[in-house]
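Structure at a glance
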Amino acid sequence: FTYFLGAYSGLLYSCSLNLYSLAIVKYRKPDRYIRSKVEPFLHGVPIAYALIYSTTLLAKRNFNDNGGGNCYAPVYNPPHCIGYEDGETREGFDIPCGRGHDGAVVFYYLTG
């Protein structure tokens, strides 16, 4: 959750800085205009987008171990799931096999 929140907000804040520079240098917008019209979007869009994206992945249970000790958004298919259908839970385990398939759908839907 924290990785996606930081990665996407950081990426979009970088875009915001570029848009701010564009408004100042190319379009010569005064500070008052930028402060009242542009700046709320430069802060609001990165924060809102990153929160919505991270929360959606969390709510849909798309954070799984990627095999290296990190929680990322891969599909959960460990070796004990071989021979089991998606959604089935093997005896002795709590997490169903194939969990997280819709993570790619969420990713493509929110990233365009």
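Residues numbered from 1 in each chain as written. Predicted model: local features only at pLDDT ≥ 70, side-chain atom pairs only at ≥ 80, totals over all residues. Heavy atoms only, no water.

Moving on: the overall build of the chain. In terms of regular secondary structure, the chain is built from three helices and two strands. Ordered by position from N to C terminus, the α and β elements of the chain give α-α-β-β-α. Put simply, 53% of the contacts in the chain that link residues at least 6 apart link residues at least 24 apart. Accessible surface for the chain amounts to roughly 7,900 Å². Of this, 59% is attributable to carbon and sulfur atoms. (Helix = DSSP H or I, 4+ residues; strand = E, 2+ residues; numbered from the N terminus. Contact = heavy atoms within 4.5 Å. Areas by Shrake-Rupley, 256 points an atom, 1.4 Å probe, with all protein chains shown as cover.)

On to helix α2 (residues 31-59). Relative to the 42 Å expected for 29 residues at 1.5 Å per residue, α2 spans 40 Å between its end C-alpha atoms, a close match to the ideal helical length. A maximum bend of about 50 degrees is found in α2 at Val38, where proline Pro40 lies one to four positions downstream. Within α2 the residues assigned to the buried category are Ile34, Leu42, Pro46, Ala50, Tyr53, Ser54 and Leu57. Downstream of α2 by one or two residues, Arg61 has phi in the positive range, about 55 degrees. (Expected span 1.5 Å × (residues − 1). Bend = angle between axes of the 7 residues up to and from the residue. Buried < 20%, exposed > 50% of the residue type's maximum accessible area, 1.4 Å probe, protein only.)

Attention now goes to the state of the cysteines. A full pass over the atoms with the stated rule returns one disulfide. Between the sulfur atoms of Cys81 and its disulfide partner Cys97 the distance amounts to 2.0 Å. Disulfide Cys81 to Cys97: torsion about the S-S bond roughly -85 degrees, handedness left-handed. Note that Cys81 is positioned in the loop between β2 (71-72) and α3 (103-111) and Cys97 in the loop between β2 and α3, a separation of 16 residues in sequence. (Disulfide = S-S within 2.5 Å.)

Let's shift gears to the packing of aromatic side chains. Summed over the entire model, instances satisfying the criterion amount to seven aromatic pairs. Each ring, one from Phe4 and one from Phe63, has its centre 5.5 Å from the other, and the planes form 50 degrees; the classification is tilted. In this pair, Phe4 sits in helix α1 (residues 2-25) while Phe63 sits in the loop between α2 and β1 (64-65), placing the two residues 59 residues apart along the sequence. Taken individually, Phe4 and Phe63 each receive the classification buried, so the pair is uniform in this respect. With a centroid separation of 6.3 Å and 5 degrees between ring planes, the pair formed by Tyr49 and Tyr53 is classed as stacked. Pair noted here: Tyr49 and Tyr53 are both in helix α2, with a separation of four residues, about one helical turn. Every member of this aromatic cluster is reached through a ring pair, and the members are Tyr3, Phe4, Tyr8, Tyr49, Tyr53 and Phe63. It is Lys29 that lies over the ring of Tyr33; its NZ or CZ is 4.9 Å from the centre. (Phe/Tyr/Trp six-rings, centres within 6.5 Å; stacked < 30°, edge-to-face > 60°. Lys NZ or Arg CZ within 6 Å of the ring centre and 35° of its normal.)

Now for the environment of Ala23. By secondary structure assignment, the location of Ala23 is in helix α1. Among the residues examined, Ala23 registers a relative accessible area of 12% and is labelled buried. Spatially, the C-alpha atoms of Ala23 and Tyr33 are 9.9 Å apart, while their sequence positions differ by 10 residues. Leaving out residues up to four positions away in the same chain, Ala23 has contacts with Arg28, Lys29 and Ile34.

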